[in-house]
Amino acid sequence: MTAGVVQVNGELIATRRAGAYHHLTFVAPGLAEHARPGQFVALTVGGPTAATLLRRCFSIHRVSPSGTYGGTVDVVVSAKGAGTQWLTALRAHDETDIVGPLGRPFPLPTEPVPCVLVGGGYGSAPLFWLAEALRERGCAVHLVLGAATEARLFGVVEGRRCADTVTVTTDDGSLGHRGWVSDVLPGVIRDSGAAVVYGCGPMGMLRSVTEVAAAEGAVAQVAVEESMACGVGVCMTCVLPVRGNDGLTRMVRSCVEGPVFRGDRVRWDAFSDGLCRVPADAVGAPRAGGH
Amino acid sequence: MTMLESAVGVSAATSVDMSTDLGGAVLPSPMMTASGCAANGRELHRFLDLRELGAFVTKTVMAQPRSGRGTPRMAETPSGMLNSIGLQGPGIDAFVTKDLAWLRSVGARVLVSIAGNTSGEFADVAARLRASDAFDCVVGVEVNISCPNVANRGLVFACDPLASGKTVALVREQLPRDIPIFAKLTPDVTDLVSIAQAAVKAGADGLTMVNTLLGMVIDTDLLRPQVAGVTGGLSGPAIRPVAVRAIWQVRAAMLEGRLPRVPIIGVGGVRTGRDALELVAAGASAVQVGTAAFNDPGAPARVGRELQSLLAERGFARFSDAVGVAHERIA
Ligand SMILES: Cc1cc2nc3c(=O)[nH]c(=O)nc-3n(C[C@H](O)[C@H](O)[C@H](O)COP(=O)(O)OP(=O)(O)OC[C@H]3O[C@@H](n4cnc5c(N)ncnc54)[C@H](O)[C@@H]3O)c2cc1C
Ligand SMILES: Cc1cc2nc3c(=O)[nH]c(=O)nc-3n(C[C@H](O)[C@H](O)[C@H](O)COP(=O)(O)O)c2cc1C
Ligand code: FES
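Counting from 1, residues in each chain are numbered in the order their sequence is written. Written order determines the labels here, with chains lettered from A and ligands numbered from 1. Where local features are concerned, this predicted model is filtered to residues with pLDDT of at least 70; where side-chain atom pairs are given and counted, the filter is 80 or more; whole-chain, interface and lining totals use all residues. As a rule here, side-chain values cover all heavy atoms of the structure and leave hydrogens and water aside.

*Asks:* Teacher, can you tell me more about the site of ligand 1 here?
*Replies:* With respect to spatial proximity, 22 residues lie near ligand 1, and among them Cys-57, Val-76, Gly-83, Thr-84 and Glu-225 of chain A are the closest. More than one chain approaches ligand 1, the contributing ones being chains A and B. A distance of 2.8 Å separates an oxygen atom of ligand 1 from a polar side-chain atom of Arg-56 of chain A. A distance of 2.4 Å separates an oxygen atom of ligand 1 from a polar side-chain atom of Thr-84 of chain A. Using a 1.4 Å probe, accessible areas were evaluated by the Shrake-Rupley method; residue-level cover was limited to the displayed protein chains. Protein burial of ligand 1: of its 830 Å² of free accessible surface, 87% is covered by the chains. Going along the chain from the N terminus, every DSSP run of H or I of four or more residues is numbered as a helix, and every run of E of two or more is numbered as a strand. Going through the elements one at a time, β4 (56-59), β6 (72-77) and α1 (82-88) of chain A together with β5 (74-77) of chain B are the ones with two or more residues in the shell around ligand 1. Sorting elements by how many residues they give to the shell around ligand 1 places β4 of chain A first, with 4 residues. Tallied by class, residues from the shell around ligand 1 come to 10 nonpolar, 6 polar and 6 charged. A molecule or strand has a residue near it when one of that residue's heavy atoms lies within 4 Å. We call two N or O atoms a polar contact when they sit within 3.5 Å, provided that within protein one can donate a hydrogen and the other can accept it, with sequence-adjacent residues counted only if both atoms are side-chain atoms. Polarity classes work like this: nonpolar for Ala, Val, Leu, Ile, Met, Phe, Trp, Tyr, Cys and Pro, charged for Asp, Glu, Lys and Arg, and polar for all others, with Gly in that last group.

Written out as structure tokens, the structure is:
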């Protein structure tokens, strides 16, 4: 029944701090073989009888199909609410249930074109693995990492190993350029002649990555982060308005049709103030006086 | 437990007859998904074989495609969640050609959940369902009357006995006699039994209880409602005692002769076999697993296996003997 997705009890074998984040490695047999960069895993939190019923979703940072422990999966977790705090407090040999790999991965270019990869905060987690896959295809890889502070950057050292150039920005100037990734992005795209810009991070950043890429004549592929209750496509909570090949906008599930979308297909105009409204021209949109 | 005892436990469990009769539809298992908690099957089929369930319950479908509401659509709550999806769906025509046809192709028995903005739209949806090529996989229709009635200032059908009865009667006319219909009730009413009476009198062959409870969550950082729809439906283990109470009250009314005895499909907060047994003992002839599937996508099938073992441990040879058993055990 699995069709590439597995549900396994994952034993934690390593947990370490990485700046403001925790980097966790779980044993997850059968998951690594099918996983691709940009996909994610959904973890239960709090143990089998916990009152926190909903799964928490995390980008796959890395997988390794066979090691001393069998297949493993790595995630980078920012302790935010109850569930992520529980995860970051786990110790070696603790277990939690893992479902994955989920969602659609970053599409890879068929030609060896230069690429820019933009990560905001922990959003950089899936990009190093993506960088390796791109370089295997002969693509030059330029990484742009941004965060509020140095502690909220993830993977600057790792980035230097797997990318041709690394540009860093922080809001407070504690490392790299002071400012946002969108300040440096036009220059990086121009200097590298990039054809594709990959982005993962907060929605506001993905929107500006899309705008900058369009202005520079590059295609943006962005991994969105929407609130998810199930992660597997059954609850309809994780939707956002996306224009399809037929030009029509639909509210689509980011957990199965995403999390990666072409940036210019996402209806950024529908997002404001932490809410997303249904565009009036979307298929089945509520009409005045209707539902 | 010794080896011998555990071996006996296993064979006894598998020997419990789990079949259930739901108003003429005889199903091999009482276990079902809950509408809106399993989409239309493809996603869940990766985690469990849909044929293992007594029936697969589809997401409520209406006449036209619907985008649903904006986001955020959910908030986690203690042992549950609040949702405000707004009945997103493809509309009945796309549903029957794509989703129902697929469910039929994998051999699922399907309980189709339908709704309308008006009673007439419910009937229209039922008629188009009946006319579809894949109709032979349908074992019943769940009439989701826990949704707003546009003709009555948006008052939920299931809060009004007249509107409930009218809707059920119109749907009943559109479907063959051998296809049982179940009215899905909300517990957010003063007198649940009177709504149940109206639905059964109008031709419902059974009742599904309960839909979500109306609730609300406020984001304390932004100091505004957390879901875009302001209020939402509360579900999950937190509401299980409400489901048990609702099933109990309606079953008791049936035993007292205040309404005809029809099967009840229990739903609300089931996460384990023990939870399911509570609903069964209160009077449920089948059990749906909703929110718990977000935690464990295999839950609808797993709960069935756990329920079977619990029945065996308690000496039941047939699932049907446990239905409503708690009513016989009060002083
Ligand atoms: C595809 C995807 C990839 C992600 N990758 C990462 C990652 O690599 N590292 C990381 O630290 N975080 C990541 N997140 C965000 C992470 O899922 C949330 O921070 C986390 O679920 C919050 O849980 P909590 O218990 O701490 O917070 P709570 O606020 O208590 O969570 C309550 C509920 O809301 C949901 N929720 C709340 N915030 C978010 C959010 N931002 N996104 C999705 N669901 C949310 C939770 O799943 C849970 O159901 C990702 C989210 C998605 C959708
Ligand atoms: C996200 C979500 C969507 C739902 N959508 C529907 C729906 O479309 N139609 C319906 O009749 N009930 C719907 N329900 C209600 C469930 O079918 C069920 O009655 C309720 O959630 C209680 O069961 P539970 O606690 O097992 O989830 C939905 C519930 C949830 C959580
Ligand atoms: S998170 Fe449930 S459908 Fe996407």
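*Asks:* Can you help me understand the pattern of salt bridges in this one?
*Replies:* Pairs may arise between side chains of opposite charge once their charged atoms sit close together. Residues and elements named next belong to chain B. Salt bridge, as used here, is a side-chain nitrogen of Lys or Arg placed within 4 Å of a carboxyl oxygen of Asp or Glu. In total, this model carries 30 salt bridges over all chains according to the counting rule given. Among the ionic pairs, Asp-99 bridges to Arg-42, the shortest N-O distance being 3.1 Å. Taken as a pair, Asp-99 in helix α2 (residues 92-105) and Arg-42 in the loop between β3 (31-33) and β4 (56-57) lie far apart in primary sequence, 57 residues in all. Owing to a relative accessible area of 37%, Arg-42 belongs among the partly exposed residues under this scheme. Residues joined by salt bridges that share partners form a network here, namely Arg-240, Arg-274, Asp-275 and Glu-278. Under the scheme applied here, a residue whose accessible area is under 20% of the maximum for its type counts as buried, over 50% as exposed, and between as partly exposed, the area being computed with a 1.4 Å probe on protein chains only.

*Asks:* Sorry if this is basic, but what is going on with the site of ligand 2 here?
*Replies:* Around ligand 2 sit 22 residues, and of these Ser-35, Thr-60, Lys-184, Gly-269 and Thr-291 of chain B come closest. The local environment of ligand 2 is shared, drawing residues from chains A and B. At a separation of 2.6 Å, an oxygen atom of ligand 2 approaches a polar side-chain atom of Thr-291 of chain B. For ligand 2, whose free accessible area comes to 610 Å², the fraction covered by protein is 97%. Of the residues in the shell around ligand 2, the class split is 7 nonpolar, 13 polar and 2 charged.

*Asks:* Help me out: how do you make sense of unusual backbone geometry in this one?
*Replies:* Most peptide bonds take the trans configuration, and most residues that are not glycine carry a negative phi. All names here are of chain B. Note the cis peptide between Thr-71 and Pro-72, where omega equals 0 degrees. Note that Pro-72 resides in the loop between β4 and β5. Here Met-209 and Val-210 are connected by a cis peptide whose omega angle stands at 15 degrees. Along the chain, Val-210 falls in the loop between β12 (206-209) and β13 (213-216).

*Asks:* Which parts of the structure should I look at to understand the packing of aromatic side chains?
*Replies:* Describing an aromatic ring pair means giving the distance of the ring centres and the angle of the ring planes. The criterion for an aromatic pair is that two Phe, Tyr or Trp rings (for Trp, the six-membered ring) have centres within 6.5 Å, with stacked assigned to planes under 30 degrees apart, edge-to-face to planes over 60 apart and tilted to the rest. Inspection of the entire model under this criterion finds 5 aromatic pairs over all chains. Relative to Tyr-122 of chain A, the ring of Tyr-21 of chain A has its centre 6.0 Å away and its plane inclined at 85 degrees; by these criteria the two rings are edge-to-face. Of this pair, Tyr-21 of chain A sits in strand β2 (residues 21-27) while Tyr-122 of chain A sits in the loop between β8 (115-120) and α2 (127-136); the two residues are 101 residues apart in sequence, bridging distant segments of the chain. With a relative accessible area of 32%, Tyr-122 of chain A lands in the partly exposed category. Seen from their ring centres, Phe-122 of chain B and Phe-157 of chain B are 5.2 Å apart, and the 85 degrees between their planes marks the pair as edge-to-face.

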